[in-house]
Number of protein chains: 6
Amino acid sequence: MIYITRRETFNAAHKLSRPDWSDDKNENVFGKCANPNWHGHNYQLFVTVKGEINPETGFLVDLKWLKEVINIQIIDKLDHKNLNLDVDFMKGQLSSTENLAIAIWKELIPHFEGTGATLHAIKIAETENNSIEYFG
Amino acid sequence: MIYITRRETFNAAHKLSRPDWSDDKNENVFGKCANPNWHGHNYQLFVTVKGEINPETGFLVDLKWLKEVINIQIIDKLDHKNLNLDVDFMKGQLSSTENLAIAIWKELIPHFEGTGATLHAIKIAETENNSIEYFG
Amino acid sequence: MIYITRRETFNAAHKLSRPDWSDDKNENVFGKCANPNWHGHNYQLFVTVKGEINPETGFLVDLKWLKEVINIQIIDKLDHKNLNLDVDFMKGQLSSTENLAIAIWKELIPHFEGTGATLHAIKIAETENNSIEYFG
Amino acid sequence: MIYITRRETFNAAHKLSRPDWSDDKNENVFGKCANPNWHGHNYQLFVTVKGEINPETGFLVDLKWLKEVINIQIIDKLDHKNLNLDVDFMKGQLSSTENLAIAIWKELIPHFEGTGATLHAIKIAETENNSIEYFG
Amino acid sequence: MIYITRRETFNAAHKLSRPDWSDDKNENVFGKCANPNWHGHNYQLFVTVKGEINPETGFLVDLKWLKEVINIQIIDKLDHKNLNLDVDFMKGQLSSTENLAIAIWKELIPHFEGTGATLHAIKIAETENNSIEYFG
Amino acid sequence: MIYITRRETFNAAHKLSRPDWSDDKNENVFGKCANPNWHGHNYQLFVTVKGEINPETGFLVDLKWLKEVINIQIIDKLDHKNLNLDVDFMKGQLSSTENLAIAIWKELIPHFEGTGATLHAIKIAETENNSIEYFG
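Conventions and cut-offs
Residues numbered from 1 in each chain as written. Chains lettered and ligands numbered in written order. Predicted model: local features only at pLDDT ≥ 70, side-chain atom pairs only at ≥ 80, totals over all residues. Heavy atoms only, no water. Helix = DSSP H or I, 4+ residues; strand = E, 2+ residues; numbered from the N terminus. Buried < 20%, exposed > 50% of the residue type's maximum accessible area, 1.4 Å probe, protein only. Contact = heavy atoms within 4.5 Å. Areas by Shrake-Rupley, 256 points an atom, 1.4 Å probe, with all protein chains shown as cover. Lys, Arg positive; Asp, Glu negative; His and termini not counted. Charge placed at Lys NZ, Arg CZ, Asp CG, Glu CD. Axes fitted to C-alpha atoms, helices over the stretch in contact; angles between N-to-C directions. Parallel < 35°, antiparallel > 145°, perpendicular 65-115°, else oblique. Left-handed = near helix turned anticlockwise from the far one by under 90°. Nonpolar A, V, L, I, M, F, W, Y, C, P; charged D, E, K, R; others polar. Pairing = 2+ DSSP bridges. Least-squares fit on C-alpha atoms with pLDDT ≥ 70 in both. Bend = angle between axes of the 7 residues up to and from the residue. Polar contact = N/O pair within 3.5 Å; in protein donor to acceptor, adjacent residues only side chain to side chain.

## A look at the overall build of chain A
Phase 1 of the analysis: Along the backbone of chain A there are three helices and five strands.
Phase 2 of the analysis: The order of helices and strands in chain A, counted from the N terminus, is β-α-β-α-β-α-β-β.
Phase 3 of the analysis: Its C-alpha atoms put chain A at 60 × 25 × 20 Å along the principal axes.
Phase 4 of the analysis: For chain A, buried positions account for 59% of its 136 residues.
Phase 5 of the analysis: For chain A, contacts bridging at least 24 residues in sequence account for 67% of all contacts bridging at least 6.
Phase 6 of the analysis: When the accessible surface of chain A is summed, it comes to about 5,700 Å², and 47% of that surface belongs to carbon and sulfur atoms.
Phase 7 of the analysis: Averaged over its 14 positive side-chain charges, chain A has a centre that lies 1 Å from the centre of its 19 negative ones.

Spelled out as structure tokens, the structure:
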């Protein structure tokens, strides 16, 4: 069993605020992350896949394929977007990094069926100090 | 003459788009940076100051003071904000990193008068691949 | 189950040397880390907490709270300090990164009781080449 | 149980190509990594060892010893070398990062016998975006 | 006058050795960099351009254009290549980072004519410890 | 004219405090950097040298030689040392990064005489946020 991790990046806007709460309550709970006019981040996404090495190629998975799946399914939908307004798979959810990690997991998992590789972890670094990891 | 550089960070939303241009023209010129719903970055700001060492302290400037000036004058106004909507000193300007660097220079320069230290450079790294530097 | 990691930094002095050993033996075992006049590091501390997402906030824990706990319980006691002389929870122990990681774990663990979140890992990077991880 | 990770680096050339395949097939499967004239990387190797702390020293293992083992057994054989042509323990294998991680594991494992420490993980970062991890 | 720096990366093989010198002399002068079977690096290229801001766009230059010029003229010719064998503009030269920086300068300079922007610096980081800068 | 920069690192203890000042005054001026029991840093030293390329080797200077000079003259005297107590060339000076940069410049400058290369800059990064640069 071997593990491969691919890093991709995306730059997005978001805010943490519930429409069913007052501005005061949102600011009280979410602090400056609740700024009504949004803020944003350079997110780093780390996708880890595990499985056996294909003896013919020496690869767990073809990195070009892994990169393409992550870009088409995730990065193209998040990069230079608003996580609250522009992203189908985040609709109706708070755009916390925790929720985003789980949503990305759910988007990616079907693409590994029948490939011999298994999705192992989604890690998102929101800043150099904060990151989230999800293992399904 | 010695140079000291202080790094501070801020996370902000912005978009590149001119209200006097059509959506099509904005997208044609500014690409995905023109997304009407904004995107954002973890910006790194590097402020470089030059001058002579104070022999009494071994310092060019007191870093606590430098940090405080940068935070009060710049970071508090940019962090978790929208560069187009929330920032007084960016009003009426395109929120390009180039314009932002010059605007920060203009905000900071009066605070060095009479300190014996001179503002030397403003550098902003917008992503790990793109940065802007301005020397006045 | 989701995992959140918060990074904080502290700059401290220490030395590795046992008072019950001769200088020669200390130098023989601990090498240049035994320098009687101390040396120091920019330590990076990574605290990882795990648990379920609070559906009301989308958070595992409130990062402001996590940051405050780490700073009050740990960073304020270590930053710009001497790990051998100034730190209550390191008294009587060799200031190896291994011992420091376990001591930080013990200091932090009571603060997660009743929070719904569980302390998962303490990681300390002493240099860009050396790091220690402890899982309790 | 505590974990220590030591990072070492090496700069090496390699290519991904099977002598029993045509140039076309190699390029089709391995893309630009199949360039007949080689390419290369600044590899980062992370060796993680686990075990109990020695109460006499506060150490899991003596880092000077760990560093020496990694350098003599691995780095000296890989640094400024060609992974396909110059490395005994990679002979007859495709020089994928996956195969390299497993080969390094096999080279290092005998050196931990009788030390009280156990090899836990070999991680190799080939670029800032791609890394492989192996746990035996 | 404002400065913009774009980072691009390439992974390449090379060796330092003169065909008119003996193997012994090459090894004596160039050390392990003379390994006949090559070695390689993850090179980072930083291209700095200077000029006036276009008031219509807030840009010094269109980053998409700058990125394209660097990729077509330089990166596509260096990435996953052998600097000694595969690169037209390095033919007949020792593949030192110094020579490479000057060669890249010469390749790029014609592309800035008539653009209003001026090439200011080529910086190449060969490892995390070594870098070269050239200003024409 | 070309520029080469070599990075070396050292881990040292220090404090900022004047023996001719009271503890209160030292703490008032130098803040937590005045802690009587010392603190420390992982310093990064960047030495930049400029000159013409030697056409025989393609080098500005032999990096092995440059590395050796920096290590023998500077790093061996600073690494795992106390900047206030253990370092001849810092005796009688406040161990500010500013003073340290100038002292390193003075130590290194004689070693470039007659080499064809000129010392251009000494840069010291004390933390990820603070750095000093000196050009003689």
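## With respect to the packing of helix α2 (residues 63-78) of chain E against helix α3 (residues 97-108) of chain E
In helix packing, the relevant descriptors are the interaxial angle and the interaxial distance, both defined with respect to the helix axes.
All names here are of chain E.
Phase 1 of the analysis: Contact geometry for α2 and α3: axes closest at 10 Å, N-to-C directions at 140°. With respect to their mutual orientation, α2 and α3 come out oblique. Between α2 and α3 lies a crossing whose hand is right-handed. Of α3, the residues touching α2 (which contributes V69, I70, Q73, I74, K77 and L78) are L100, I104, E107 and L108.
Phase 2 of the analysis: A class-by-class count of the residues in the contact of α2 with α3 yields seven nonpolar, one polar and two charged.

## Brief notes about the pairing of strand β1 (residues 2-14) of chain C
Phase 1 of the analysis: The buried fraction of β1 of chain C is high, at 12 of 13 residues.
Phase 2 of the analysis: Alignment of strand β5 (residues 130-134) of chain A against β1 of chain C, held across five bridges, turns out to be antiparallel. In the sheet register, S131 of chain A faces β1 of chain C, and the bridge partner there is T5 of chain C.
Phase 3 of the analysis: Inspection of the sheet shows β1 of chain C paired to strand β2 (residues 39-51) of chain C by 13 bridges, in the antiparallel sense. Note on β2 of chain C: the bridge partner recorded for N11 of chain C is N42 of chain C.
Phase 4 of the analysis: Sheet topology note: the β1 of chain C/strand β3 (residues 81-82) of chain C ladder contains two bridges and is parallel. If you follow A12 of chain C over to β3 of chain C, its bridge partner there is K81 of chain C.

## Things to note about the relation of the copies chain A and chain B
Phase 1 of the analysis: Take chain A, turn it by 180°, move it 0.0 Å along the axis, and it overlays chain B with an RMSD of 0.0 Å. The transformation relating the two chain copies, once decomposed into turn and shift, fits a two-fold axis.

## Concerning unusual backbone geometry
Phase 1 of the analysis: One non-glycine residue, W38 of chain D, lies in positive phi territory at about 75°.
Phase 2 of the analysis: Relative to the assigned elements, W38 of chain D resides in the loop between α1 (23-30) and β2 (39-51).
Phase 3 of the analysis: Relative accessible area serves as the criterion here: at 11%, W38 of chain D is assigned to the buried category.
Phase 4 of the analysis: The residue H80 of chain F is not glycine, and still its phi comes out positive at about 60°.
Phase 5 of the analysis: When you line up the elements, H80 of chain F lands in the loop between α2 (63-78) and β3 (81-82).

## Some remarks on α2 of chain E
Residue and element names in this part refer to chain E.
Phase 1 of the analysis: The axis of α2 is deflected most strongly, by about 45°, at N71.
Phase 2 of the analysis: Those residues of α2 that fall on the buried side of the exposure criterion are L66, V69, I70, Q73, I74, I75 and L78.
Phase 3 of the analysis: In this fold, the buried residues of α2 make contact with β1 (2-14), β2 (39-51), β3 (81-82) and α3.
Phase 4 of the analysis: N-cap assignment for α2: the residue whose side-chain oxygen lies 3.0 Å from the backbone N of K64 is D62.
Phase 5 of the analysis: Directly after α2, the chain includes H80, whose backbone phi takes a positive value near 60°.

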